[in-house]
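The primary structure of each chain is shown beneath.
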Amino acid sequence: MESRAQMNQSLLNKNRLEANYRSSCSQSLPLDILWLPRSSFRPAEGELADCVLVVGVSRPKLAAALLSVTLLSLFLTFHVLYDSALYSIQAASMASAASEGRKILQNQESSRTISHPMALRKRLKTPRAPRPARRLPQALIIGVRKCGTRALLEMLYLHPMVQKASGEVHFFDRDENYALGLEWYKSKMPLSFKGQITIEKSPSYFVTPEVPERVRAMNSSVRLLLIVREPVTRAISDYTQLRSRATPSAPTVSLVGHPLPDTVKPFEHLALAPDGSINVAYRPIAISLYHAYFHRWLEVFPREQILVVNGDQLIEDPVPQLRRIEKFLGLEHKIGRRNFYFNETKGFYCLRNDTTDKCLRETKGRKHPRVDPAVVTKLRKFFVQHNQRFYDLIGEDLGWPED
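Residues numbered from 1 in each chain as written. Predicted model: local features only at pLDDT ≥ 70, side-chain atom pairs only at ≥ 80, totals over all residues. Heavy atoms only, no water.

Engineer: Residue-level account of the overall build of the protein chain, with values.
Structural biologist: A count of helical and extended segments in the protein chain gives 13 helices and twelve strands. Per-residue burial for the protein chain yields a buried fraction of 34% across its 403 residues. For the protein chain, the share of sequence-separated contacts (at least 6 apart) that also reach a separation of at least 24 residues comes to 67%. In the structure as shown, the protein chain presents an accessible area of about 25,600 Å², 56% of it carried by carbon and sulfur atoms. (Helix = DSSP H or I, 4+ residues; strand = E, 2+ residues; numbered from the N terminus. Buried < 20%, exposed > 50% of the residue type's maximum accessible area, 1.4 Å probe, protein only. Contact = heavy atoms within 4.5 Å. Areas by Shrake-Rupley, 256 points an atom, 1.4 Å probe, with all protein chains shown as cover.)

Spelled out as structure tokens, the structure:
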């Protein structure tokens with residue numbers, strides 16, 4: 001009796017304990033979620049330390065919403081997986097096709113170019129060779145006539161970084177050429193590579209009034225080379241050239257009522273007026289008045305942009321003058337004594353490069369006619385003051401004889 005009473009008391013205590021757990025675990029939630037004690041699902045042994053979550057949805061709309069969210073999540077997950085797999089397959093296919101294409105191109109290239117077993121090596125892509133182009137000149141030989149402009153141009157052409165225009169273009173001094181424009185002028189220039197200097201020479205540029213402004217309009221930073229010689233020697237050389245161009249049929253004696261043309265008159269008769277004074281209207285004398293033309297260039301260009309070359313020294317010893325010009329043009333010193341040899345027959349230096357020797361044409365270095373020494377002395381005394389004015393403009397005494 002006593003043991004049965006104890007068992008009934010124990011059962012009563014257990015029922016009270018379960019009732020307490022139910023009241024403590026149950027909560028009022030919007031989703032009708034129940035918290036039940038674990039002992040509700042298995043025999044309780046010892047103390048119950050936790051509760052079990054039991055979800056029961058009793059509201060249809062809420063159940064439908066949760067189901068929709070679940071299905072949508074599953075759909076998006078499978079869609080992402082499908083897209084990833086499809087992209088991977090396409091990428092692998094494209095890579096395979098590109099690889100096959102490269103192999104075909106390589107095989108075709110090899111079949112065209114490789115014909116010997118020793119040539120089977122990896123081909124390197126050859127860099128594209130630079131192409132030459134015609135460029136406006138970066139330097140001009142502006143004069144002076146009969147002072148060695150052609151010789152100077154040919155000497156500078158020995159330098160590998162110099163290209164020269166063939167012939168005298170006369171772009172800036174002849175209105176009909178200047179009207180054709182810079183594109184026409186450029187078409188007369190030689191082909192040159194980037195870094196090379198293009199040089200053109202027209203001696204009449206120096207004495208033509210419009211030229212300095214026209215040159216500046218083309219390129220205000222152009223380098224200008226002016227080669228000069230002793231004025232009387234230059235005038236006689238000018239006369240010699242003009243006389244050589246006279247027609248062979250020109251009369252050498254005066255006919256009645258028909259004076260002799262200037263081309264056959266002696267130099268003395270042309271250089272001196274009938275009263276014995278210097279005939280400054282005679283073209284070869286007028287051009288030798290260098291200061292009369294040089295000041296116009298200084299009004300347009302700074303002095304440091306014009307290099308005055310001593311033509312007499314260039315004839316006697318070319319290398320020192322050429323070194324000055326190379327420095328002036330920003331060129332590396334390349335022209336040396338190995339590029340020249342003295343021609344005893346002609347009486348001046350000829351040019352030499354790695355492949356050929358070259359002398360100027362027969363028309364260059366003509367023998368001058370004999371001129372009365374008294375006239376030469378008179379001319380030199382006349383030029384003393386004019387030479388000094390030129391020295392003052394260039395800032396250098398060229399040491400020309402005064403008698």
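Engineer: How would you sum up the pairing of strand E4 (residues 139–143)? Please name residues and give values.
Structural biologist: Every other side chain in a regular strand lies on the same face of the sheet, so the side chains alternate between the two faces. For E4, a buried count of five out of five residues is recorded, marking the element as mostly surrounded by other parts of the structure. Direction of pairing for E4 relative to strand E8 (residues 223–228): parallel, over a ladder of four bridges. Looking at the pairing, alanine 139 lines up with arginine 223 of E8. (Pairing = 2+ DSSP bridges.)

Engineer: Give me the lowdown on the packing of helix H7 (residues 231–244) against helix H13 (residues 373–394), citing residues and values where you can.
Structural biologist: The geometry of H7 relative to H13 is characterised by a closest axis approach of 9 Å and an angle of 120° between their N-to-C directions. Relative to H13, the element H7 is oriented oblique. Taken together, the residues of H13 that come into contact with H7 (itself represented by Pro231, Val232, Thr233 and Ile236) are Val376, Leu379, Arg380, Phe383 and Asn387. When its residues are assigned to classes, the contact of H7 with H13 shows six nonpolar, two polar and one charged. (Axes fitted to C-alpha atoms, helices over the stretch in contact; angles between N-to-C directions. Parallel < 35°, antiparallel > 145°, perpendicular 65-115°, else oblique. Nonpolar A, V, L, I, M, F, W, Y, C, P; charged D, E, K, R; others polar.)

Engineer: So what about the packing of aromatic side chains? Which residues, and what values?
Structural biologist: Counted under the stated rule, the structure contains 17 aromatic pairs. Geometrically, the ring pair formed by phenylalanine 172 and tyrosine 178 is tilted, given 6.4 Å between the ring centres and 45° between the ring planes. For phenylalanine 172, a relative accessible area of 0% puts it in the buried group. Over the face of the ring belonging to phenylalanine 328 we find arginine 223, whose NZ or CZ atom lies 4.9 Å from the ring centre. (Phe/Tyr/Trp six-rings, centres within 6.5 Å; stacked < 30°, edge-to-face > 60°. Lys NZ or Arg CZ within 6 Å of the ring centre and 35° of its normal.)

Engineer: Describe the pairing of strand E10 (residues 340–343), naming the residues involved and giving the relevant values.
Structural biologist: Alignment of E10 against strand E11 (residues 348–352), held across four bridges, turns out to be antiparallel. In the sheet register, phenylalanine 340 faces E11, and the bridge partner there is leucine 351.

Engineer: An account of the pattern of salt bridges is requested, with residue identities and associated values reported.
Structural biologist: This model, assessed by the stated rule, comprises 15 salt bridges. Because the salt bridges share partners, they merge into one network encompassing Arg150, Glu154, Lys164 and Lys358. (Salt bridge = Lys/Arg side-chain N within 4 Å of Asp/Glu carboxyl O.)

Engineer: Tell me what's going on with the state of the cysteines, and back it up with residues and numbers.
Structural biologist: Here a disulfide denotes one covalent bond, and it connects the sulfur atoms of two cysteines. Taken as a whole, this structure holds one disulfide when the rule is applied. Across the disulfide, cysteine 350 is cross-linked to cysteine 359 (sulfur-sulfur distance 1.7 Å). Between cysteine 350 and cysteine 359, the S-S torsion sits near 100°, and that sign places the bridge as right-handed. Take cysteine 350: its relative accessible area is 0%, and that puts it in the buried class. When its relative accessible area of 24% is taken as the criterion, cysteine 359 is described as partly exposed. (Disulfide = S-S within 2.5 Å.)

Engineer: Would you mind going over the side chain of lysine 146 in detail, with residue names and values included?
Structural biologist: Its place among the elements puts lysine 146 in the loop between E4 and helix H3 (149–156). Despite being buried, lysine 146 has no salt bridge partner; aspartate 238 is the closest side chain of opposite charge, sitting 6.9 Å away. Within polar-contact distance, the side chain of lysine 146 engages the side chain of glutamine 241 at 2.7 Å. Beyond its immediate sequence surroundings of up to four residues, lysine 146 is in contact with Arg229, Arg234, Ser237, Asp238, Gln241 and Arg366. (Lys, Arg positive; Asp, Glu negative; His and termini not counted. Polar contact = N/O pair within 3.5 Å; in protein donor to acceptor, adjacent residues only side chain to side chain.)

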